[in-house]
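Examination of the molecular architecture
Here are the chains, one letter per residue:
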2 protein chains.
Amino acid sequence: MSDRWMPGGVTAPQGFLASGTWSGIKRNRRPDLALIVATTPAVAAGLFTMNRIKAAPVLLAQQHLRRGRARAILVNSGCANCLTGRQGLRDARTVASAVARQLALPLHDVLVASTGVIGRRLPVARILRAVPRVVQRLSARGHRESAWAILTTDTHPKEAALEWPLGRTRVRLGGMAKGAGMVAPHLATMLAFFTTDVAISARLLRQALQQACEASFHRITVDGDMSTNDTVLILASGQAGNAPITRAGVAFHQFAAHLTRLAAQLAHLLVRDGEGATKVAAIRVIHARSIREAERCARQVANSPLVKTMLAGSDDNVGRIVAAVGASGVHVTPERLRVLVNGRLIVADGRQRPAPRAAVRALMRAETVHVTIDLRAGQAATQLWTCDLTEGYVRLNARYTT
Amino acid sequence: MSDRWMPGGVTAPQGFLASGTWSGIKRNRRPDLALIVATTPAVAAGLFTMNRIKAAPVLLAQQHLRRGRARAILVNSGCANCLTGRQGLRDARTVASAVARQLALPLHDVLVASTGVIGRRLPVARILRAVPRVVQRLSARGHRESAWAILTTDTHPKEAALEWPLGRTRVRLGGMAKGAGMVAPHLATMLAFFTTDVAISARLLRQALQQACEASFHRITVDGDMSTNDTVLILASGQAGNAPITRAGVAFHQFAAHLTRLAAQLAHLLVRDGEGATKVAAIRVIHARSIREAERCARQVANSPLVKTMLAGSDDNVGRIVAAVGASGVHVTPERLRVLVNGRLIVADGRQRPAPRAAVRALMRAETVHVTIDLRAGQAATQLWTCDLTEGYVRLNARYTT
C-alpha cells in the first residue's frame, strides 16, 4: 500500500462527474464548455490571478467561494469574458444560474472560469443552449472530454490523478489544467481544477492549495505575461470516508504534499506544451545571497528572449545567460560566477571555458536543458521551469484572434 | 541663424577624423573595425552598461576616462570581448596600445568599445594587422564607413549631426549608433559615439551626456534585455572657438538640449531597426500615481511578448494591453482605465468599446502605433518606444553565433 499515479483525471476521486461539449464559442466544433460536479455537498477553495484587472468569472467565483463550499465548476474556453464591464458580470451570473437551475443547486454552489480572447462579450445565448447538454453528458468517466474542453492553444489535454492510503482507507486526488501562452509569474492564463474525495476543512483545503501552487504553477514561466483570468479551484467531496482532516497534522501534510506533486506534474506538462515550445529548460540558481535574489535572477534568465531563442536554435551562445544574470541586478562577482549546462561547467573564473562549440550545441539540443547558475554569494537557491521561444510562438500570437 | 540638421555624422564637427575597415572578425568581409580621432586634445565623457557583468572594453574605457580627456575611440563589432577574464582585459589593452602607438598618443587617450558574441577571445592578431590600415584611412569624410563598421544585426548605419549658433560662432554635434537586439532598459547592446567642437568642461560634458541618454536611449526597448557592453562616449574638441562652457548657464542648457535631440534621433532609428521589427509603437502612460508607476506600467506593456506579437500581426487583441497594465501591479481601477490607439478610444468604463474589428486592425497596421494608457489615478506620465516581435526576431536570435 503506497501512493500511485492512476488514470481518471478529475473523475478519479469518488463523488465526481465531468463532461465537455461544444457550445459554439469556438469555431470548427472544437469543445469549449466543461463541467465538473460533486454528487454530494463539497468543500471548496480557489486561488486567482494577481492581475489588477480581473475577468468577470474571477470576480464571481471569488464571491461564491466565500462560504468555502461549492458543488459545480463551469468552464468555457474561447472567450475570457474580461474587459466586459458590468455586463460581463451579469453574463457570468446568467450562465452560472442556468447550471444551478439544471442541477437544482443554489447559485452560490456554482463556480465559473473562462479563458480566451479578452474584450468580447460572452456568447450567453449559445452557452445557455449548451447547458442542458453538458449536464446530460456528466459521467464518472467524463474527465477526458472536460480536459479537452478547457484548452485554447494547448496541443493536448493535461490531466493526472494520484491515490494514497490514509488511515484505513485510500484517498484520491485528480486534476486537469490548461496553459500554453501567457504562462508566467503568479498563475498566468492558466486554469487548473482539482478534485479529491478526502474529507478536509475548507481552511486547510485552501492552505494546501496555496502551498501546492507556490511550488508548482508559480515556478513556471512561458512568456512572463500574467493573465486576467488565472484560476485554480479545488473541490473536496469527503467521500473517501477518512477521519476529517481538521488540523495541520500528518494527514494534512501528506495531503498537501500529494496535491503539490500533482500540481507540479500538471505545471510541467504546461511548460512543455508552451506556445510553440520545442524544449524545456530548468533554470536553477544556487548560492544566492537571498531567496529574493535567487528568484529575481532565475526569472530574468527564464524570461530573457535572447536566452529563450538561443534554446530554440540549440545555439552555444551561453554568454546570453551570463548577460541576463548581470542584468538582473543581483549580487554577483564575475570571477566567482559559475554556469553549468546539463552538468558541464561552461563559465568559471570570469570567462567562458574553451569547449568545442559542437559539444556545447549538443548539450543545448537536449529535450530538457538544465542550467545551473552558481552565484557563490550566499546560501539561497531556487528553480524555475521555462521553455524556448520559437517562430511558432510568434506565429500563434500574431494571429490569435483571427 | 538657427539650428539645423546637417550631414557628416561624427566628422561633422571640426577637428575629427573617422574611418572603418574589415579586420577579419566578421565573415564575408563586412566592416568590423571603426576609429574616431580628435586631431587635437579633447575632453571626453562616457556612460556604460548597468549590467553587473561588464565586458573587458567597458572596464578599460572606464579606467581611461577617469582623467576626463581622450583623443581616440576604437570600436570593433563581431566580438564582445566579454566573459573573457583577465585575458580579455589584456587583449583590450593590447589593441588600444597599438592604436596609441600608431597615433603617437599616450595609452590612456585611447578608448575602446566592442559588440558581438559573448564568451570568445578577441582576435587580437587580426585587429593588430588592421590597425595601420584603419589609421591610414582616417578622413574628415570618414563618418559613413565608421558607422558601417560598428553594426551587428542592424540593417543600416545610423548617424546624425546638428549645427547651431553659440555666441559669435556656430557649433556642431555629430553622432552614430548601433543597436538592433538586446536594446532595453539602461542602454542595452547599444553603442553610441558623439563628437562636438564645442569647448566645454569635462564635468559639464558628462552631465549633458547623462541628461541626453536619460531622455533618449533609456526610453527605448526592443526585448527587455540589457547587454554587458553598452557604451556611450563623447569627445569635445573645443575647435569651434566658443567661450568655453564651464557653468550650467544658457549655453550649457542649449548644448544639453541639442545633445538630447541628437540622441533621441539616433534612439528612434535604433528602435525602428530593432531585430526583425516591422513597426514601432509609442507606449504613453498618463495620469499615473507616480513617475515610478508610470515607468513600471509602460515597461510592462512595451516588453510584453503578447503585446509585441499582436503588433506584428496587426491584430485587434487590445485586451493584451490591459492585461499587461494589470500585471504591472500599478494602481489602476478597471472602471477608470482608458486605452487609446492612434487617438481612438478602445477601452473605457471597464470594458472594450464595441468597434468594428476591421477598424481596430487598420489602426494596428500603422507604421507607428501610438498607444495611450490613461490610468486616471494621478499626475505622472512617461513614454517609451518599442517595436514589434516578429518571426524574424526569433530567426535572427536562434542562430546568432552560427
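Bear in mind that the values here come from a model prediction, so they are computed numbers and not experimental data.

On to the overall build of chain A. Per the secondary structure count, chain A includes eleven helices and 17 strands. Against the 2.2 N^0.38 benchmark of 21 Å for 402 residues, chain A shows a C-alpha radius of gyration of 22 Å, consistent with a compact globule. Each of the three principal axes of chain A carries a C-alpha extent, and together these read 70 × 55 × 35 Å. Here chain A holds 402 residues, and the buried ones make up 63% of them. Put simply, 80% of the contacts in chain A that link residues at least 6 apart link residues at least 24 apart.

Residues and elements named next belong to chain A. On average, residues of chain A carry a pLDDT of 89, and 94% of them reach 70 or more. Counted against residues more than four places away or in other chains, residues 182-188, with its pLDDT under 50, gives 39 contacts. Scored by ipTM, the complex comes to 0.70, with pTM at 0.79.

Attention now moves to helix α7 (residues 291-302) of chain B. All names here are of chain B. With twelve residues, α7 ought to run about 16 Å at 1.5 Å a step, and its terminal C-alpha atoms sit 16 Å apart, in line with that. Most of α7 is tucked away: nine of the twelve residues are buried. Residues E293, A294, E295, C297, A298, R299, Q300, V301 and A302 constitute the buried set of α7.

Residue and element names in this part refer to chain A. Spatial ordering of the open sheet is given by β1-β7-β8-β9-β11-β4, a layout of six strands whose pairing is mixed. The open sheet has two free edges, formed respectively by β1 (4-5) and β4 (43-48), since each of these has just one partner strand. As judged from the six bridges shared by strand β9 (residues 191-196) and strand β11 (residues 231-236), these two strands associate in the parallel manner. By the bridge assignment for β11, A192 is matched with V232. The strands touched by helix α6 (residues 250-272) are β7 (158-166), β8 (169-178) and β9; relative to β7, the strand with the most contacts, the crossing angle is about 160°.

What follows concerns the domain arrangement of chain A. Assigned domains within chain A: domain 1 (4-269) and domain 2 (280-398). Once you take the C-alpha centre of each, domain 1 of chain A and domain 2 of chain A turn out to be 34 Å apart.

Further remarks concern the pairing of β7 of chain A. Residue and element names in this part refer to chain A. The buried count for β7 comes to seven of nine residues, which makes it a mostly enclosed element. Sheet analysis places β1 next to β7, joined by two bridges and oriented antiparallel. Note on β7: the bridge partner recorded for W5 is L162. Of the strand pairs in this sheet, β7 and β8 are connected by nine bridges, and their pairing is antiparallel. Residue pairing across strands places E163 opposite R172, the latter belonging to β8. The turn linking β7 back onto β8 is made up of two residues, and G167 within it adopts a positive phi angle of 60°.

Glancing now at unusual backbone geometry. Residue and element names in this part refer to chain A. Even without being a glycine, N81 presents a positive backbone phi close to 45°. The topology assignment puts N81 in the loop between β5 (72-79) and α2 (85-103). Look at N81 and you get buried, because 32 C-beta atoms sit within 10 Å. Of note, the phi angle at R376 is positive, near 50°, even though the residue is not glycine. Examined against the element boundaries, R376 turns out to sit in the loop between β16 (368-374) and β17 (380-387). Its 13 C-beta neighbours within 10 Å are what place R376 among the partly exposed residues.

All names here are of chain B. One can describe the packing of helix α2 (residues 85-103) onto helix α3 (residues 124-136) by two numbers: an axis separation of 10 Å at closest approach and a directional angle of 25°. Taken together, the axes of α2 and α3 lie roughly parallel to each other. Here the hand of the crossing between α2 and α3 comes out right-handed. Residue-level inspection shows D91, T94, V95, A98, V99, Q102 and L103 of α2 in contact with α3, the latter providing V124, I127, L128, V131, P132 and V135. Taken together, the residues that form the contact of α2 with α3 break down as ten nonpolar, two polar and one charged.

Once that is clear, we can look at the environment of S139 of chain A. Residues and elements named next belong to chain A. Relative to the elements of secondary structure, S139 occurs in the loop between α3 (124-136) and α4 (143-149). Along the chain, S139 and L17 lie 122 residues apart, while their C-alpha atoms are 4.8 Å from each other. Setting aside its immediate chain neighbours within four residues, S139 contacts L17 and S19.

Quick look at the sheet that holds strand β11 (residues 231-236) of chain B now. Residues and elements named next belong to chain B. Here six strands make up an open sheet; going across it, the order is β1-β7-β8-β9-β11-β4 and the pairing mixed. In the strand order of this sheet, the two ends are held by β1 (4-6) and β4 (43-48), each with one partner. Taking each pair of neighbouring strands and ignoring which way they run, the sheet shows an average axis angle of 20°. This element, helix α5 (residues 202-214), spans β4 and β11 of the sheet and lies at about 35° to β4. Its contacts with the sheet place helix α6 (residues 250-272) against β7 (158-166), β8 (169-178) and β9 (191-196), and it is angled at close to 160° to β7.

With that settled, consider α3 of chain B. One turn of the α-helix equals 3.6 residues, which is why residues spaced by three or four share an orientation. Residues and elements named next belong to chain B. The end-to-end C-alpha separation of α3 is 19 Å, in line with the 18 Å expected for 13 residues at 1.5 Å each. Of all the bends in α3, the greatest, near 35°, is centred on A130, and the proline P132 appears no more than four residues after it. Looking at the buried residues of α3, the elements they touch are β2 (16-21), β3 (33-38), β5 (72-79) and α2.

Turning to the packing of α5 of chain B against α6 of chain B, a few remarks are in order. All names here are of chain B. At a closest axis distance of 8 Å, the pairing of α5 and α6 adopts a crossing angle of 40°. If you check the angle between α5 and α6, you find them oblique. Here α5 and α6 pass one another in a crossing that is right-handed. Between α5 and α6, the residues in contact are L204, A208, L209, Q211, A212 and C213 and F252, F255, A256, L259, T260 and A263, respectively. Among the residues making up the contact of α5 with α6, the classes are represented as ten nonpolar, two polar and no charged.

Turning next to the environment of F194 of chain A. Residues and elements named next belong to chain A. By secondary structure assignment, the location of F194 is in strand β9. According to the C-beta neighbour criterion, F194 is buried, with 28 such atoms within 10 Å. Residues F194 and T39, spaced 155 residues apart in sequence, show a C-alpha to C-alpha distance of 15 Å. Residues contacting F194, with those up to four places away along its chain left out, are L173, G174, G175, I234 and L259.

Before going further, it helps to spend a moment on the environment of S97 of chain A. Here S97 of chain A shows up in helix α2. Sequence separation between S97 of chain A and M310 of chain A is 213 residues, and the spatial gap between their C-alpha atoms is 49 Å.

Here the focus is the pairing of strand β13 (residues 338-341) of chain B. All names here are of chain B. Residues of β13 alternate between two faces, with V339 and V341 buried on one and R338 and L340 left unburied on the opposite face. In the sheet, β13 pairs with strand β14 (residues 344-348) via three bridges, with the strands oriented antiparallel. Bridge pairing in β14 links L340 to L345. What sits between the antiparallel neighbours β13 and β14 is a turn of two residues, in which N342 has the positive phi angle 45°.

About the thresholds
Residues numbered from 1 in each chain as written. Chains lettered and ligands numbered in written order. Predicted model: local features only at pLDDT ≥ 70, side-chain atom pairs only at ≥ 80, totals over all residues. Helix = DSSP H or I, 4+ residues; strand = E, 2+ residues; numbered from the N terminus. Rg over C-alpha atoms; globule rule 2.2 N^0.38 Å. Buried ≥ 20, exposed ≤ 12 C-beta atoms within 10 Å, placed from the backbone. Contact = placed C-beta atoms within 7 Å. pLDDT = per-residue confidence, 0-100. Expected span 1.5 Å × (residues − 1). Pairing = 2+ DSSP bridges. Axes fitted to C-alpha atoms, helices over the stretch in contact; angles between N-to-C directions. Domains from an automatic or database assignment. Parallel < 35°, antiparallel > 145°, perpendicular 65-115°, else oblique. Left-handed = near helix turned anticlockwise from the far one by under 90°. Nonpolar A, V, L, I, M, F, W, Y, C, P; charged D, E, K, R; others polar. Bend = angle between axes of the 7 residues up to and from the residue.

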